[in-house]
Amino acid sequence: MKTTVTKLLGDNDPEPVSIISKPGKIIFSGPHNGRSVPECLPPFMGTNENWFNNAHDAHDLHMDKVFTALDKSFDDASLIWGNYSRLLFDLNTMPDYAINPRSSENGNIIIPANQTDQCCTKQRSLRFNEIYCPYHGAKTQLINEKRNEHGGVIVIDMHSFTPTWDQVKRNVEVGTIRCEKTPLSQEFENYLKHMQDEFLFVSGEPYRVAQRLSNAAALITDNNDLQYLGLEIRNDLIATDEGIDKIVTLLKNITQHLSQPEFIDVTKRRTEISSQIPPKHDDIYGSCPIL
Ligand SMILES: [Zn+2]
């Protein structure tokens, strides 16, 4: 008998998105925190368990522990994160590019549950409707709630990255993701530049979103009228409790700094500060080649 799959998530599967809402205008979002796979799909998306548990392709390593620490340390910042592996449907990617048939870091590794025999058009739309839309819908709702309460928001998209690429060590410890220079991105980066004794910060490293049309940053910007900003942390820095404490302290200090009345523009909608955004050709970062 032919059966038609009409649902992806079952009763025993976790919700697609978790939210801890607290007073205050700060929101930390973690699109790659999750590593769950729905029961109806092969465990670990059909990949090797050990590879999956350690692969940046599957989730941002240690970011779930950073969020636990943020929850303990902040009583004035909200948290939102996705619970499913990015291999299922990458929340930080435009929908057409959000299902990878192969590892993006090692093209020899295929993702069995993402091959066309297992991931048909129907399966793709189930993942979009039950994983992607709930996360981004909940994020928009949270942003709107905080704007209504506080007149503005500061949203920081949190990511971790691998210490090496193509077996070459990356010479950066913390970096930013942005599409353009906004008051938020500029003040955030100014602060990180002053912290160079503690963290090796390089603007726009390790990823240059401005050149990646598949990245969802532009979509998130448009959907939420947001000054989009992401923070990238090298994952070996948050592999220990001490390392996580150091990052949480950095985030405490930086959000307190940004909350000062003189930096009110960092909390505003993008359309409110659009006259302060330099044209792309004046933005040295935006015009750099991909490294
Ligand atoms: Zn990430």
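As shown above, the structure is provided for reference.
So, how was this worked out
- Residues numbered from 1 in each chain as written.
- Predicted model: local features only at pLDDT ≥ 70, side-chain atom pairs only at ≥ 80, totals over all residues.
- Helix = DSSP H or I, 4+ residues; strand = E, 2+ residues; numbered from the N terminus.
- Rg over C-alpha atoms; globule rule 2.2 N^0.38 Å.
- Buried ≥ 20, exposed ≤ 12 C-beta atoms within 10 Å, placed from the backbone.
- Contact = placed C-beta atoms within 7 Å.
- Pairing = 2+ DSSP bridges.
- Axes fitted to C-alpha atoms, helices over the stretch in contact; angles between N-to-C directions.
- Arc of directions from axis to C-beta.
- Parallel < 35°, antiparallel > 145°, perpendicular 65-115°, else oblique.
- Left-handed = near helix turned anticlockwise from the far one by under 90°.
- Nonpolar A, V, L, I, M, F, W, Y, C, P; charged D, E, K, R; others polar.

**So, the overall build of the chain**
Turning to step 1, where the next piece is worked out: If you tally the helices and strands in the chain, you get seven helices and nine strands.
Turning to step 2, where the next piece is worked out: The C-alpha atoms of the chain give a radius of gyration of 19 Å, which matches the 19 Å a tight globule of 291 residues would have.
Turning to step 3, where the next piece is worked out: Taking all 291 residues of the chain together, 40% fall into the buried category.
Turning to step 4, where the next piece is worked out: The contacts of the chain with a sequence gap of at least 6 include a subset with a gap of at least 24, amounting to 83%.

**Here we look at the sheet that holds strand β1 (residues 17-20)**
What links the strands of a sheet is backbone hydrogen bonding, and the strands pair in either a parallel or an antiparallel sense.
Turning to step 1, where the next piece is worked out: Pairing in this open sheet of seven strands is mixed, and the strands run β1-β3-β2-β4-β9-β7-β8 from one edge to the other. Because the sheet does not close on itself, it has two edges, and the strands there are β1 and β8 (201-202).
Turning to step 2, where the next piece is worked out: Pairing of strand β2 (residues 26-30) with strand β4 (residues 154-161), which is carried by four bridges, proceeds in the parallel orientation. Each residue of the ladder has a partner; that of Ile 27, found in β4, is Val 155.
Turning to step 3, where the next piece is worked out: Packed on one face of the sheet, helix α3 (residues 121-150) meets β1, β2, β3 (77-82) and β4 and runs near 170° to β3.

**Here's the deal with the pairing of β2**
Turning to step 1, where the next piece is worked out: In terms of burial, β2 is a largely internal element, five of the five residues being buried.
Turning to step 2, where the next piece is worked out: Both faces of β2 are covered, namely the face carrying Ile 26, Phe 28 and Gly 30 and the face carrying Ile 27 and Ser 29.
Turning to step 3, where the next piece is worked out: By the bridge criterion, five bridges tie β2 to β3 in an arrangement that is parallel. Bridging across to β3, Ile 27 finds its partner in Ser 78.

**Here's the deal with the environment of Tyr 84**
Turning to step 1, where the next piece is worked out: Secondary-structure assignment places Tyr 84 in the loop between β3 and α3.
Turning to step 2, where the next piece is worked out: The sequence separation of Tyr 84 and Gln 260 amounts to 176 residues, and the corresponding C-alpha distance is 36 Å.
Turning to step 3, where the next piece is worked out: Not counting residues up to four positions away in its chain, the partners in contact with Tyr 84 are Pro 16, Gly 34, Ser 36, Val 37 and Ile 131.

**Considerations on the environment of Pro 23**
Turning to step 1, where the next piece is worked out: Looking at where Pro 23 falls in the secondary structure, it is placed in the loop between β1 and β2.
Turning to step 2, where the next piece is worked out: Given 12 C-beta atoms within a 10 Å radius, Pro 23 is considered exposed.

**So, helix α5 (residues 217-224)**
Turning to step 1, where the next piece is worked out: Every buried residue of α5 is accounted for by Ala 217, Ile 220 and Asn 224. Taken around the axis of α5, the buried residues stretch over an arc of 65°, which confines them to a single face.
Turning to step 2, where the next piece is worked out: In this fold, the buried residues of α5 make contact with α3 and β7 (174-177).

**So, the packing of helix α2 (residues 63-73) against helix α6 (residues 241-258)**
Between two packed helices, both the angle of their axes relative to each other and the distance between the axes serve to describe the pair.
Turning to step 1, where the next piece is worked out: Look at α2 against α6: their axes get within 10 Å of each other, and the N-to-C directions meet at 50°. Judged on the interaxial angle alone, α6 and α2 are oblique. Once α2 is placed against α6, the crossing between them reads as right-handed. Across from Lys 65, Val 66, Ala 69, Leu 70 and Ser 73 in α2, the residues of α6 making contact are Ile 244, Ile 247, Val 248, Leu 251 and Lys 252.
Turning to step 2, where the next piece is worked out: A class-by-class count of the residues in the contact of α2 with α6 yields seven nonpolar, one polar and two charged.

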